[in-house]
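# Examining the three-dimensional arrangement
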Amino acid sequence: MTEPVQNVTNETLESIAANGMWADGLTFTPEVVQVARALLAAVRGVAPAGVLPPELQEVVDTVRGGAAVEITQIPGADGVMLSALTVKLNGDEPRPVVVVPAGWSPLGWLPFVWTYLTLAVDGYHVLAYTPRGLGTPGEITTSQGFIDVAGEKDRADGHRVLDYAQELFGPSAIGMLGESYGSGLSQLIAATDPVARVSAVVALSTWGNLATSLYDNGTRHLAAMKLLVDFTGGTPGKPEEKFDPDTLRILDLFERGENMDEVVAWGLDRSPETFVELTNSHGIATFMSNTWHETLFPVNEMLDTFNRLTVPKRLNVWIGNHGAPEAAGLVGIPLGFPFPGLLTPMREARDWLDIHLRGIDRSQSEPVSNQIMFTYRTQPITGGAQRITEPAQREPKIDWSQVSTETERWYLGNGGGDGTLLPKPETGWTRSFTVGDGEAAATSATAVAEFLKTGQRECYGNPQLYRVGDFERDRLLIWQTEPLTGGRRVRGIPSLHLSVGSTAPAATLVAYLFDVAPDGTARIITHEPCTLFELVQPEQRVVRWRLQGACYDIPDGHRLALVVNGYDKLYSYSPPGTTTITSPEYAESYLDLELG
């Protein structure tokens, strides 16, 4: 690597433990990169003495004494050279290998060096590689070619990597582990391998259906796509450096919202859900994790895929956003360093490999484990934030179908100021809000303040607080319950049924559910957009859509609030106009809340 190696101190590790791994967008914090570069230099024997604290140095010494570490190039399917790191254990005893496709990052396989070294300590050969096209030119972790976005070329590359791993290691079994982009690649490569060599997959912060991750309910997830395009290692504003003409055309169609059927077909070809029958027929034991407030790969599309798996499977859903729960265990925090439970997500992921690649009996709960939002206990720390002292509650279930046990219907009513949520229908009313042009329609009711950082903070004990009283009533509508006696155990996927009209030919609706405390502060439970097209005045269109899944305990005496506006910075939006919601007889507007 071209940058100098800096000493890793306890303060460096404390920063990661307290703040997570994300800086801006999909970039890693300087501390994460500092740890990765130091680990890599140390295991290659080129680091100055004392560059690592004792806990990390002990792992490096163990690997150096029992394995050979190499940085190499692996030929891809069409001669494209893929940057790779291999850790080959000494001795002739057959050992399993874990293949790790890197996530979507200009740093390629670099950030997770800690994971590769600790897997080797556990008894695995390791092969980590950067998928084609990703990386910063001139860095040793960069691979050649254009980014294929988990398409046919990426899958063929993965099969060549499996060939290489088989020849180099002669493994007793093959597993794959990936985070984010690497997680989808792991599922796709394993499923489509012609000779079915992969026994187990760990897919962290993963997707099941890329098409619905990026475009669902008529709404494009513009911020997610922009984030991906911007963080490839190429020159900002020059995507042609990283994507071939065919992919650039798809990206352009997506940005303009044209020929979306073609974009959807492109996404489906890159979806593990499309190949789920191959996963099932190959018997690939599959571990999936995601987060309730995921903004890259929303949880519902992953749940749909998980529910179709008939192989041994495991699902963990955590508080937070993309990558936050697994971060510390991926990038290098020793045991005992952070708050309780911080390393649990990666420990359980690695237990899955031990069970299915090494035959080790690891105690695991039921196949589905949901962390209940914000049930952790915290205490104040310097700077005004909170640190977790007791992890959030988790609920094990045999299957996702057991998460919810009943559905409670709340009808939208008129009310004197804000609207009301009622147990019985109230019809004949009309409520409207104005939608400005683009950001002029923005309100303080938003899914996240910052794309990944908001969810990272809530994962670490600091959920975003809203004030319902500050919401802009001219640009949104609010319906609230009375204080809920006994609270509510929200468990599952809420859905919304509305009668909608607009003065514009299209209308975007972004629905949010909030838990409102007696003092007026609120926390977000879930949200989801929906866009209607070809609207004609004065007709009202009846629409039903699912919000993202949630497990959330609303305390006794709190209110449930439904907020609907016309703009969120995460999504595409409709033209300016006035959006109207009504509740006519026989087509009442209501919210279905799944409880458990």
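Residues numbered from 1 in each chain as written. Predicted model: local features only at pLDDT ≥ 70, side-chain atom pairs only at ≥ 80, totals over all residues. Heavy atoms only, no water.

On the secondary structure map, Ala36 appears in helix H2 (residues 30–43). On the basis of relative accessibility, which here comes to 1%, the residue Ala36 falls in the buried class. For the pair Ala36 and Phe306, spaced 270 residues apart in sequence, the C-alpha to C-alpha distance is 32 Å. (Helix = DSSP H or I, 4+ residues; strand = E, 2+ residues; numbered from the N terminus. Buried < 20%, exposed > 50% of the residue type's maximum accessible area, 1.4 Å probe, protein only.)

Turning next to unusual backbone geometry. For the peptide bond that leads from Gln537 to Pro538, omega is -5 degrees, which places it in the cis range. Looking at where Pro538 falls in the secondary structure, it is placed in the loop between strand E23 (521–532) and strand E24 (541–546). Phi at Ala196 takes a positive value of approximately 50 degrees, unusual for a residue other than glycine. Structurally, Ala196 can be placed in the loop between helix H6 (181–192) and strand E6 (198–204). Overall, Ala196 belongs to the partly exposed group, its relative accessible area being 34%. Backbone geometry places Asn259, a non-glycine residue, at a positive phi of 50 degrees. Along the chain, the position of Asn259 falls in the loop between helix H9 (245–256) and helix H10 (260–268).

On to helix H3 (residues 54–66), then. In an α-helix, one full turn covers 3.6 residues, which means residues spaced three or four apart are oriented alike. The terminal C-alpha atoms of H3, which comprises 13 residues, lie 18 Å apart, in line with the 18 Å expected from a rise of 1.5 Å per residue. Every buried residue of H3 is accounted for by Leu56, Val59, Val60 and Val63. The buried residues of H3 all sit within an arc of 95 degrees when viewed along its axis, so they share a single face. Seen from the buried face of H3, the exposed residues on the opposite side, beyond 90 degrees, are Pro54, Glu58 and Gly65. Elements that come into contact with the buried residues of H3 comprise helix H1 (10–19), H2, strand E1 (67–75), strand E2 (81–89) and helix H4 (113–121). (Expected span 1.5 Å × (residues − 1). Arc of directions from axis to C-beta. Contact = heavy atoms within 4.5 Å.)

Burial of E2 is extensive: 7 of the 9 residues sit out of reach of the surface. Inspection of the sheet shows E1 paired to E2 by 9 bridges, in the antiparallel sense. Across the sheet, residue Ala67 finds its bridge partner in E2, namely Leu89. Connecting E1 to the next strand, E2, in antiparallel fashion are 5 residues, including Gly79 with a positive phi near 90 degrees. Where E2 and strand E4 (residues 125–129) come together, 4 bridges link them in antiparallel fashion. Across the sheet, Thr86 pairs through a bridge with Leu127, a residue of E4. (Pairing = 2+ DSSP bridges.)

The strand order E1-E2-E4-E3-E5-E6-E9-E10-E11-E14 describes an open sheet built from 10 strands, whose pairing is mixed. Looking at which strands have only one partner, the edges of the open sheet turn out to be E1 and strand E14 (394–397). With strand direction ignored, the average angle separating the axes of adjacent strands in the sheet is 15 degrees. Bridge analysis of strand E9 (residues 285–291) against strand E10 (residues 313–318) gives 6 bridges, and the strand direction is parallel. Note on E10: the bridge partner recorded for Ser289 is Asn316. Across the sheet, helix H12 (residues 299–308) is in contact with E9, E10 and strand E11 (368–371); its angle to E10 comes to roughly 165 degrees. (Axes fitted to C-alpha atoms, helices over the stretch in contact; angles between N-to-C directions.)

Treat this as a map of the structure, not an account of what it does.
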